[in-house]
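Analysis of the macromolecular model
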Amino acid sequence: MSNIIEIKKLRKVYGDGVELLALDDVDLTIKEGEVLAIVGPSGSGKSTLLNMIGLLDTPSDGEIWLKGQNITKASPKERARLRNKELGFIFQYHHLLPEFDAVENVMMPLLIAGMDKKEARHRAITLLEEVGLGDRLHNRPNQLSGGQNQRVAVARALAGHPSIVIGDEPTGNLDSKSSDMIYELLRKLNRQMNQTFILVTHDMDMAEKTDRILRLVDGRIVCEMRRDGDGFVSQDVCRQNE
Amino acid sequence: MFELSIAERHILGNPRMVLFTVLSVALAVGVIVVLIGLTEGYRQNLIDNTVENSPHVTVDPKLDEDYIYLYRTLTSIAEERPEVLAASSRLVGRAAAKYKDNVEGVTFIGADPVQEDLLLRVREDMIWGDYYDLRFKRYAAVVGDKLAENLELKRGDDFRLVRQNASIQVKAVGIIDTRTGLDSTLVYLPLETAQILLGDGDVVTEMGIRLSDIYAAPAVAADLNERTRYKAESWQDKSRDILDQLETQQVYSIIFYILIAIIAGFGIANTMIMIITRRTKEIGILMAMGADRISIMKIFVLESVILGPPSALLGGGLAFVAAKFIGTIEVPAEIYISDKMTVILELDTFLYVAVFALVVNFIAGIYPAYKASRLNPVEAIATE
């Protein structure tokens, strides 16, 4: 498996005056098709790291490579293009456009990419059927439950065949039954399409179902655990921290 | 174009805010259309009035002379022009009118009644008697109604006209109401009678010319100036001052329109900023999905511009209704030039103002849209 993301000595400093170090010399390599969970306390820099990988934010220092290309200093236009082609986002709240129905929401990234409307609609309907919402195609977000909306959001994140899907607490706002359903859905799609999933979560149950868990504290990766069969193998450093 | 469909949904999703924005621009459009219409109406009334009640071309004596001596020759020169409908040689002078113990200063106009009637439609203004009587009765006069009232002159009464050492007795054979200030001083006489009163022989003081095409007046005047040494002047030259004044007023009006546009523009910009503030999170999401800055900007400029046509349409409708209403208001003719205010609405005005509404919407939308396109996606998504 080739590296899809390489992060080298990434630093992010917020604020002028009182400076806050959100990420401190983070090195990270993510392989294609991997499902990765990032955990850690609030304010540990999880979301900041995710926003860097998602090209929504720019680092203060260090480099980000996507598919072998250094995109640290890419222009806003190029970043927008990469977000559209290579990345799919799932947020804690579904963040669907309220005036558009399920199909239209899923079509949106495809229309932004310049796809023909008819083709986009066809793709959106297929995806919604796949996430089990074939009978809710024309409902707007306010006519759907939290779990249903999050499934629409998953379909939207996957619409453009992104190579990386980023989830910021994707199940954080759902009950455990809906959470499981969403995670199973992601996992199924991961197996089908070999997409890379990077999930920030508080939910250790979900984290333990992934391939690798990164623990962030104060902007540093303090622990990394890899799946080995049914259990996880942690590095020495984790034991020291624990 | 996904930008258009998003813009469309935003507009349909905020009906009340949109209604007020449309109304503010519509009001601006309406006010401007009505004001342009009123100015145009005033200008048109003024021209009609000038053109109807005074000669289209006036010929005055040569520079160093008091009278036109060879007025018959001048008449035949003038009548060579095909546009000339009438050329009336007129002797205009001042005298005193005396009836019993009443004395009033008067302006007498001696002219051939047929030509003078062709020139100024005198007979249409007669309230009693016939102006043509002056053709056959040498010592007859048509008197302004106010003058007759002031002199306590009755129909058919004889009164005296006195000028320096000359004095003639004439009979009031008609009363005229021109609905102008002239009515308190005007006395029409046969040309020969006026010449006797003046005592300077067979002369006139001016010639009035009426044309079939009022806009040919400058050309006719120029032609006469070239061919004779008399001083010919078109009605446009005579009313130059007031027309210039209207032009000046136009400049003030334009400044006023710009101010209205700016106020309306701020209204739109304000609404757009409110919409964008409410949509900040959504803008962040669109950015996360890969919408670039140009697309975000397009969405909100489109939103603003889409509101232009309904504003123009509604504003046009309002202007139309207002114009109809203003047209029914009666105003004293002494203040205004006629007893009804006229609003002239031309299709051109509507078109210009529609374009104006679009431009105002476009310009007002640019800044908020630009701000939206510059949002930081992380902060935008985190907005509550």
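**A word on the interface of chain A and chain B**
Taken together, the contact pairs 20 residues of chain A with 16 residues of chain B. Broken down by secondary-structure element, the contributors of at least two residues to the side of chain A that touches chain B are α2 (76-86) and α3 (102-112) of chain A. A per-element tally of the side of chain A that touches chain B places α2 of chain A first, with six residues. Residues of the side of chain A that touches chain B, tallied by class, amount to twelve nonpolar, three polar and five charged.

**Quick look at the nonpolar core**
In terms of nonpolar packing, the biggest core is built from 118 residues, with Ile38, Val106, Leu128 and Ile198 of chain A together with Val25 of chain B touching the most fellow members. Counting residues per element, this core draws most heavily on helix α2 (residues 15-53) of chain B, at nine residues. The contacts of Leu128 of chain A, once residues within four sequence positions are left out, are Ala102, Val103, Val106, Leu133, Gly134, Leu137, Val152 and Ala155 of chain A.

**Notes on the domain arrangement of chain B**
Per the domain assignment, the segments of chain B are domain 1 (2-51 + 242-382) and domain 2 (62-229). Computed from C-alpha coordinates alone, the two centres of domain 1 of chain B and domain 2 of chain B are separated by 54 Å.

**Regarding the packing of helix α1 (residues 2-13) of chain B against helix α11 (residues 293-306) of chain B**
Residue and element names in this part refer to chain B. At a minimum axis distance of 8 Å, the contact between α1 and α11 shows a crossing angle of 50°. Judged on the interaxial angle alone, α11 and α1 are oblique. The two elements α1 and α11 cross, and the hand of that crossing is right-handed. The segment α1 lies against α11, with Glu3, Leu4, Ile6, Ala7, His10 and Ile11 engaging Ser295, Lys298, Ile299, Leu302, Glu303 and Ile306.

**Re the sheet that holds strand β11 (residues 231-234) of chain A**
Residue and element names in this part refer to chain A. Pairing within the open sheet is mixed, and its seven strands lie in the order β6-β7-β8-β3-β9-β10-β11. Sheet topology places β6 (87-90) and β11 at the edges, where each strand pairs with a single neighbour. Within this sheet the neighbouring strands show an average axis-to-axis angle of 20°, counted without direction. Note that strand β7 (residues 164-168) and strand β8 (residues 196-200) share five bridges and pair parallel. Of the residues in β8, the one forming a bridge with Ile164 is Thr196. Sheet contacts for helix α5 (residues 146-158): β6 and β7; angle to β6, the most-contacted strand, approximately 170°.

**Examining the environment of Ile268 of chain B**
Within the secondary structure, Ile268 of chain B is located in helix α9 (residues 240-278). Between the C-alpha atoms of Ile268 of chain B and Ser304 of chain B, which are 36 residues apart in sequence, the distance is 7.4 Å.

**Topic: helix α6 (residues 191-198) of chain B**
For an α-helix the count is 3.6 residues per turn, leaving residues at separations of three or four pointing the same way. Residues and elements named next belong to chain B. Turning to α6, its buried residues number three or more, namely Leu191, Thr193, Ala194, Leu197 and Leu198. Down the axis of α6, the smallest arc covering the buried residues is 160°, so these residues share one side. Backbone geometry just downstream of α6 places Gly199 in the positive-phi region, at approximately 75°.

**Some remarks on the packing of α11 of chain B against helix α13 (residues 347-373) of chain B**
Residue and element names in this part refer to chain B. Interhelical geometry of α11 versus α13 gives an angle of 145° and a closest axis separation of 7 Å. Read as a crossing pair, α11 and α13 show a hand that is right-handed. Contact residues: Arg293, Ile296, Met297, Phe300, Val301, Glu303, Ser304 and Val305 in α11; Leu358, Asn361, Phe362, Ala364, Gly365, Ile366, Pro368, Ala369, Tyr370, Ala372 and Ser373 in α13.

**Comments concerning the pairing of strand β4 (residues 61-66) of chain A**
Walk down a regular strand and you will see the side chains alternate between the two sheet faces. Residue and element names in this part refer to chain A. Bridge count for strand β1 (residues 3-14) against β4 is five bridges, and the pairing is antiparallel. Its bridge partner lying in β4, Ile7 is registered against Ile64. In this structure, β4 lies alongside strand β5 (residues 69-70), joined through two bridges in antiparallel fashion. The residue bridging Trp65 from the neighbouring strand is Asn70, located in β5.

**A word on unusual backbone geometry**
Even without being a glycine, Leu55 of chain A presents a positive backbone phi close to 60°. Its place among the elements puts Leu55 of chain A in the loop between α1 (46-53) and β4. By the C-beta count within 10 Å, which is 26 here, Leu55 of chain A ends up buried. Phi at Arg121 of chain B is positive, roughly 50°, even though this residue is not glycine. For Arg121 of chain B, the location among the structural elements is in the loop between α4 (113-120) and β4 (126-129). Judged by the 12 C-beta atoms lying within 10 Å of it, Arg121 of chain B falls in the exposed class.

Criteria and cut-off values
- Residues numbered from 1 in each chain as written.
- Chains lettered and ligands numbered in written order.
- Predicted model: local features only at pLDDT ≥ 70, side-chain atom pairs only at ≥ 80, totals over all residues.
- Contact = placed C-beta atoms within 7 Å.
- Helix = DSSP H or I, 4+ residues; strand = E, 2+ residues; numbered from the N terminus.
- Nonpolar A, V, L, I, M, F, W, Y, C, P; charged D, E, K, R; others polar.
- Core = buried A, V, L, I, M, F, W, Y, C linked by C-beta atoms within 7 Å.
- Buried ≥ 20, exposed ≤ 12 C-beta atoms within 10 Å, placed from the backbone.
- Domains from an automatic or database assignment.
- Axes fitted to C-alpha atoms, helices over the stretch in contact; angles between N-to-C directions.
- Parallel < 35°, antiparallel > 145°, perpendicular 65-115°, else oblique.
- Left-handed = near helix turned anticlockwise from the far one by under 90°.
- Pairing = 2+ DSSP bridges.
- Arc of directions from axis to C-beta.

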